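Listed below, chain by chain, are the residues.
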Amino acid sequence: MTEEVAVLGAGMHPWGKWGRSFVEYGVAAAQVALADAGLDWRDIGSIIGADTVRGGYPGYVAGATFAKALGWQGARVTSVYAACASGAQAVDTARAQILSGLADAVLVVGADAAPKGFFRPAGGDRPDDPDWLRFRILGATNPVYFGLYARRRMALHGDTTDDFARVKVKNAAMGALNPKARYRSPVTAEEVAASAVVADPLRLLDICATSDGGAAVVLSSMEFARRHGHAEPVRIRAVSTVTPRYPNTVLDLPDIATDSAVAVDPPGETFRGSIARAAYEEAGVGPEDLSLAEVYDLSTALELQWYEDLGLCGEGEGVKLLRDGATALGGRIPVNVSGGLASFGEAVPAQAIAQVCELAWQLRGDAGDRQVAGARVGISANQGLFGHGSAVIAVR
């Protein structure tokens, strides 16, 4: 088991479409996190920025961009890009610096100003880029992938469009309780069914939006935390950033072909299953120990898949868990009590950090009307393009 680091502060800029620079969102989130930690910016020994590729040149050096905006003070700086896993990679980098003794307190920041509509690839010809290839050769936008995965669940496990709608209804109800969420209105199953078909069988309300937003956390060594009055802080016990294993026999974004299993037997678990297993093994806990989970609900169907990948239930049993109310607030294992991406939308570099913020607030008992009673262990999980695993386990 890896040594723990403390979460001293968490902060977010509300998600929405604000039309301003990502730097503004990140600085606002950082200032809230610093105040939450009871620290001054000059107390920070290192800053890790999760990069955005849509904010112009400064986005590619987000660590230095945020450091400059906060005021140059000589801190170490790192910029990290791993698509949707950027935030978890940034947390992992911060943890490594703390445990190696390079810094006592580290500020992790991610923010984005997303374009209107669904994401498209960056410009230019990049024939070695599988993300570029799937857009340009297959025309496979993100919703196409989400729809194919939904169809796969329907074929293998008997999931229905009504089940997918139940996920949206659940997450919208919890997002309505979150002042940082972009969408704060309850949604009915009838409203989901009445929304436009985007990629059959998924409708507009089955798929997350793109958003502006920012999130930040302040991490430190346990000794630093105690010196600064945090006797029993939330701790990060594990960060999983694993890659897939050959052969990959289940198509995952952005792959456009699966590996051959002629010469090598398929692995015993999916890529997302391996992300969770690595986190559990490092933390010394299992799915039975969890109080809550924050997962990457790009679509309603993908949230159901995460239930199984995290080991919250057996293969094909995600819908039963949902129908039984186990993943709702007050259920056995609430999932996406923040409201998830269904309520926030994607602000790519910030979203994995936002998940850690929610875990911190829940484990501290500071989540207000969406509080999970007695929360002690939480997991966040998502994945980034090109095989970036992403999971964080936090405990109290």
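Residues numbered from 1 in each chain as written. Predicted model: local features only at pLDDT ≥ 70, side-chain atom pairs only at ≥ 80, totals over all residues. Heavy atoms only, no water.

- The name given to the protein chain in an unreviewed UniProt entry is Acetyl-CoA acetyltransferase, with Streptomyces violarus as the source organism.

**A closer look at the sheet that holds strand β2 (residues 46-50)**
Logical step 1: A sheet is described by the order of its strands in space; here nine strands give the open sequence β3-β2-β4-β7-β1-β8-β11-β10-β9, paired in mixed fashion. Each end of this open sheet is capped by a strand with a single partner; those strands are β3 (76-80) and β9 (292-295). On average, adjacent strands in this sheet sit at an angle of 25 degrees to one another, irrespective of strand direction.
Logical step 2: The strands touched by helix α1 (residues 22-37) are β1 (5-16), β4 (105-113) and β7 (212-220); relative to β1, the strand with the most contacts, the crossing angle is about 140 degrees.
Logical step 3: Against the sheet, helix α13 (residues 348-364) touches β1, β2, β4, β7, β8 (234-240), β9, β10 (377-384) and β11 (388-395), its axis set at about 120 degrees to β1. (Pairing = 2+ DSSP bridges. Helix = DSSP H or I, 4+ residues; strand = E, 2+ residues; numbered from the N terminus. Axes fitted to C-alpha atoms, helices over the stretch in contact; angles between N-to-C directions. Contact = heavy atoms within 4.5 Å.)

**Some points on the UniProt feature "domain: Thiolase C-terminal" (unreviewed entry) in the protein chain**
Logical step 1: With numbering aligned to this structure, UniProt lists the feature "domain: Thiolase C-terminal" (unreviewed entry) at residues 276-392.
Logical step 2: With 39% helix and 15% strand, residues 276-392 has end C-alpha atoms that lie 9 Å from one another. (UniProt positions renumbered as here; feature names shortened; annotations may be inferred.)

**A short note on the layout of surface pockets**
Logical step 1: Here the largest pocket defines a volume of roughly 600 Å³.
Logical step 2: Lining the largest pocket are 34 residues, and of these Arg-54, Tyr-81, Ala-83, Asp-131 and Leu-385 sit closest to its centre.
Logical step 3: Within the residue set of the lining of the largest pocket, elements represented by two or more residues are α4 (130-136), α5 (142-157), α10 (300-309), α13 and β10.
Logical step 4: Of the residues belonging to the lining of the largest pocket, the class tally is 21 nonpolar, four polar and nine charged.
Logical step 5: Residue-level mapping places the lining of the largest pocket at the junction of two domains, with at least three residues from each of domain 1 (5-117 + 212-233) and domain 2 (130-206 + 236-395).
Logical step 6: Size it by volume and the second largest pocket reaches roughly 460 Å³. (1 Å grid on protein atoms, 1.4 Å probe; cavity = no way out; pocket = protein on both sides within 12 Å on 5 of 7 lines; lining within 4 Å. Points joined across faces, edges and corners; volume = space filled by probe spheres on them. Nonpolar A, V, L, I, M, F, W, Y, C, P; charged D, E, K, R; others polar. Domains from an automatic or database assignment.)

**Some thoughts on the environment of Leu-302**
Logical step 1: You can see Leu-302 is positioned in helix α10.
Logical step 2: Among the residues examined, Leu-302 registers a relative accessible area of 5% and is labelled buried.
Logical step 3: As a C-alpha pair, Leu-302 and Gly-330 span 28 residues in sequence and 22 Å in three-dimensional space.
Logical step 4: Beyond its immediate sequence surroundings of up to four residues, Leu-302 is in contact with Tyr-145, Phe-146, Tyr-149, Arg-272 and Tyr-296. (Buried < 20%, exposed > 50% of the residue type's maximum accessible area, 1.4 Å probe, protein only.)

**Structural notes on unusual backbone geometry**
Logical step 1: Residue Pro-201 is bonded to the preceding Asp-200 through a cis peptide linkage, with omega at 15 degrees.
Logical step 2: Relative to the helices and strands, Pro-201 is located in the loop between β5 (197-199) and β6 (202-203).
Logical step 3: Across the junction of Tyr-246 and Pro-247, the peptide omega takes the value -10 degrees, indicating a cis bond.
Logical step 4: For Pro-247, the location among the structural elements is in the loop between β8 and α9 (271-283).
Logical step 5: The backbone of Ala-83 sits at a positive phi, close to 55 degrees, despite the residue not being glycine.

**Comments concerning the pairing of β7**
Logical step 1: Most of β7 sits inside the fold, with nine of its nine residues counted as buried.
Logical step 2: The alternating pattern of β7 places Asp-212, Gly-214, Ala-216, Val-218 and Ser-220 and Gly-213, Ala-215, Val-217 and Leu-219 on opposite faces, both of which are buried.
Logical step 3: Both β1 and β7 contribute to a ladder of eight bridges, which runs antiparallel. Pairing of Ala-10 across the sheet is with Val-217, part of β7.
Logical step 4: Pairing of β4 with β7 involves nine bridges; the strand directions are antiparallel. Each bridged residue has a counterpart across the sheet, and for Val-106 the counterpart in β7 is Leu-219.

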